[in-house]
Amino acid sequence: MSDAPAAADAAATPKKKGKMKMILIGVVGVVVLLGGGVGAGLYAAGSGLVGGGHAEAAHEEDPNKPHLVPKSEQKRPGEGGEGGEGGGHGGGEGEGEGAKEITGAPTPPGRGGDEYASNYYAMEKEFTANLQDSVHFVQVGIAVSTPYDEKVITNLKTNDIAIRSAILMTLGDTTEDQVFTSAGKQHLQKRLVDSINGTLREKEGFGGISNVYFTNFVVQ
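Because the structure is a prediction, the values reported are computed rather than measured. (Residues numbered from 1 in each chain as written. Predicted model: local features only at pLDDT ≥ 70, side-chain atom pairs only at ≥ 80, totals over all residues. Heavy atoms only, no water.)

**Student:** What am I meant to see in the pattern of salt bridges here?
**Tutor:** Two side chains bearing opposite charge may form a pair once their charged atoms approach each other closely. The tally for this structure, following the rule as stated, stands at one salt bridge. When the shortest N-O distance is used, the salt bridge between Lys 151 and Asp 149 registers 3.6 Å. By relative accessible area, Asp 149 is classed as buried at 0%. (Salt bridge = Lys/Arg side-chain N within 4 Å of Asp/Glu carboxyl O. Buried < 20%, exposed > 50% of the residue type's maximum accessible area, 1.4 Å probe, protein only.)

**Student:** Honestly, the nonpolar core in this entry has me stumped. Any pointers?
**Tutor:** Side chains that are nonpolar tend, in soluble globular proteins, to be buried together. Counting 27 residues, the largest nonpolar core has Ile 142, Val 144, Ile 167, Leu 171 and Ile 196 as the members making the most contacts within it. If you list the elements that add at least two residues to this core, you get strand S2 (127-130), strand S3 (137-146), helix H3 (150-158), helix H4 (160-172) and helix H6 (182-204). Tallying contributions element by element places H6 first for this core, with five residues. Not counting the four nearest positions on each side in its chain, Ile 167 is found in contact with Met 123, Phe 127, Ile 142, Leu 192, Ser 195 and Ile 196. (Core = buried A, V, L, I, M, F, W, Y, C linked by side-chain atoms within 4.5 Å. Helix = DSSP H or I, 4+ residues; strand = E, 2+ residues; numbered from the N terminus. Contact = heavy atoms within 4.5 Å.)

**Student:** What is the right way to look at H4 in this model?
**Tutor:** Because an α-helix packs 3.6 residues into every turn, residues spaced three or four apart end up facing the same way. Compared with the 18 Å implied by 1.5 Å per residue over 13 residues, the 18 Å span of H4 between its first and last C-alpha is a close match. Of all the positions in H4, only Ile 163, Arg 164, Ala 166, Ile 167, Thr 170 and Leu 171 are classed as buried. Here the buried residues of H4 occupy an arc of 160° about the axis, which is enough to place them on one side. Of the exposed residues in H4, those oriented more than 90 degrees away from the buried face are Ile 161 and Met 169. Those residues of H4 that are buried are in contact with S2, S3, H3 and H6. (Expected span 1.5 Å × (residues − 1). Arc of directions from axis to C-beta.)

**Student:** Got a minute to help me understand the packing of H4 against H6 in this structure?
**Tutor:** To characterise two packed helices, one gives the angle between the axes of the helices and the distance between these axes. Packing of H4 against H6 brings their axes to within 9 Å, and their N-to-C directions diverge by 145°. Crossing handedness for the pair H4 and H6: right-handed. Touching Ala 162, Ile 163, Ala 166, Ile 167, Thr 170 and Leu 171 of H4 are Leu 188, Arg 191, Leu 192, Ser 195, Ile 196, Thr 199, Leu 200 and Lys 203, all from H6. The residue makeup of the contact of H4 with H6, split by class, is nine nonpolar, three polar and two charged. (Axes fitted to C-alpha atoms, helices over the stretch in contact; angles between N-to-C directions. Left-handed = near helix turned anticlockwise from the far one by under 90°. Nonpolar A, V, L, I, M, F, W, Y, C, P; charged D, E, K, R; others polar.)

Structure (structure tokens):
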């Protein structure tokens, strides 16, 4: 009589083990399915299959950002537009939210002239500053150019006081050697470009000035 229960327990043990294996297999299957679903969802979102509207919105053009003006759309004197040549709102290569700001109008290989228009603006008042460690002072008239549309010139006018201050500080850091040679003046032009663009970026988030020109240059 004692052998019967033992035999029954022995017979039940494999059945319990079998059930446990089936439960474990079921749990693993659910985990795999869930993991696959999450992975597929991430892939679809990354590839733009899901939420495509958000991906497109991220690449929409910012209407408030200055746009490059191709030479073909350059305005000539008498065609209207404030600030000289290059007015208009045409967008050239690289325009839009992902456009890279350039510090000079590029010249494509094998082509004469600049690829983009030059929009000029002459600042109204001349600048006078003492030279660094010198008894002399410099007085200059300054004009700027940009390959972008009128938004850059508008930003320049809006921040006139800050721009003038930056220019005066740059002139005050200039030595006699830099104002008596052509190479020194060219270096000063580049420093002024950096100074003006730095101020515009701080105030407006965008520079856009490509060159500075001297309309008057006197050292006394």
